[in-house]
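# A look at the structure
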Amino acid sequence: MSNSEIITTSIPRKSISRLTYDLLRKRPALVHELQRREKTQREVAQELVKELKELYPGLKVTDGAVAVALTRYLKKMREYQETHLGTRHVINVLKKSTTSVIDGLKQVRINFGSYIDNKEHISKFIIDLFEFLEDESIANVFLIRDGIELYVQKLAENELSELISNYNLEYEIIGQNLSLLKLILPIEAREVPGILAHVSSLLADQAISIFDTQTYLIRDRMIITFVVSEGNATKARDLLRKVIT
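To keep things clear, this report deals only with the structure shown in the data block. (Residues numbered from 1 in each chain as written. Predicted model: local features only at pLDDT ≥ 70, side-chain atom pairs only at ≥ 80, totals over all residues. Heavy atoms only, no water.)

## Description of helix α8 (residues 157-166)
For α8, the full list of buried residues reads Glu157, Leu160, Ser161, Leu163 and Ile164. Seen along its axis, α8 keeps its buried residues to an arc of 160°; they face one direction. Facing away from the buried side of α8 by over 90 degrees, the exposed positions are Asn158, Glu159, Glu162 and Asn166. The elements touched by buried residues of α8 are β1 (98-111), α7 (119-129), β3 (147-153) and β4 (170-186). Asn168 occupies a position one or two residues after α8 and carries a positive phi of about 55°. (Buried < 20%, exposed > 50% of the residue type's maximum accessible area, 1.4 Å probe, protein only. Helix = DSSP H or I, 4+ residues; strand = E, 2+ residues; numbered from the N terminus. Arc of directions from axis to C-beta. Contact = heavy atoms within 4.5 Å.)

## Side note on unusual backbone geometry
Despite not being glycine, Glu136 shows a phi value in the positive range, around 60°. By secondary structure assignment, the location of Glu136 is in the loop between α7 and β2 (138-144). Its identity as a non-glycine residue notwithstanding, Asn177 has a phi of 55°, on the positive side. Topologically, Asn177 is positioned in strand β4. Looking at Asn177, the relative accessible area reads 42%, which means it is partly exposed.

## Some details on the nonpolar core
In this structure, Leu94, Leu183, Leu185, Ile195, Val199, Leu203 and Ile224 are the most contacted members of the largest nonpolar core, which totals 21 residues. Counting residues in hydrophobic clusters, the runner-up holds 20 residues, among them Leu19, Leu24, Ala69 and Tyr73. (Core = buried A, V, L, I, M, F, W, Y, C linked by side-chain atoms within 4.5 Å.)

## So, the environment of Asp220
Its place among the elements puts Asp220 in the loop between β5 (212-218) and β6 (221-229). Classification of Asp220 as partly exposed rests on a relative accessible area of 43%. What Asp220 contacts, discounting residues up to four positions off in sequence, is Leu185, Pro186 and Ile187. Within polar-contact distance, the side chain of Asp220 engages the side chain of Arg221 at 3.1 Å. (Polar contact = N/O pair within 3.5 Å; in protein donor to acceptor, adjacent residues only side chain to side chain.)

## Comments concerning the environment of Leu239
Checked against the element boundaries, Leu239 lands in helix α10 (residues 230-244). Residues Leu239 and Ala204, spaced 35 residues apart in sequence, show a C-alpha to C-alpha distance of 11 Å. Those residues in contact with Leu239 that lie beyond four places of it in its chain are Leu202, Leu203 and Gln206.

The structure is reproduced here in structure tokens:
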């Protein structure tokens, strides 16, 4: 069998559009960059043409043909997102929401140390610790492999430190000068995909770094929290207010 015969049989019968769609489905990050305009369609078309030629030697493909396929693919993606992922619904639900901000937070890691296997000791400590939740002195509590991580208001740090000492545990401050943005949504929000992604993208577009996020339910409300630096808290707060009004 000659080389030309090998090349011919390696060329797929799919159209350029279909081949382009196949590549894009395998590259969701690339599609995301296109949607956010971090890359131009021309740049991506050139990249995909090169990849197609490497995959299928002898395939006749041009930047223009792939660019047209890209335009069609992105249009279909927008239509799908609006119809099935509820882009408009996300905006409508956000307009029913409220927001609040807690400034002056520190990120704390509590180490269980030698008490890691003492279930009774740790259980009592956790029960006492959760009393801080009643007045929102602490937030975003996470169990980690050998301890707990949480965010504490500066005004409550001494009281928390005393509690930790009473149980002979140790802690360290791993983050300072932080703020907690709380987005309070109606319970229907949990059935609407894309809300967290939508708000996170808005914050990212304003160069606001998110150090931590958490989603949970309280009675008839869905709560999303974002931990950001205090320096960005005002900008982030103003952004959320615009989103919910």
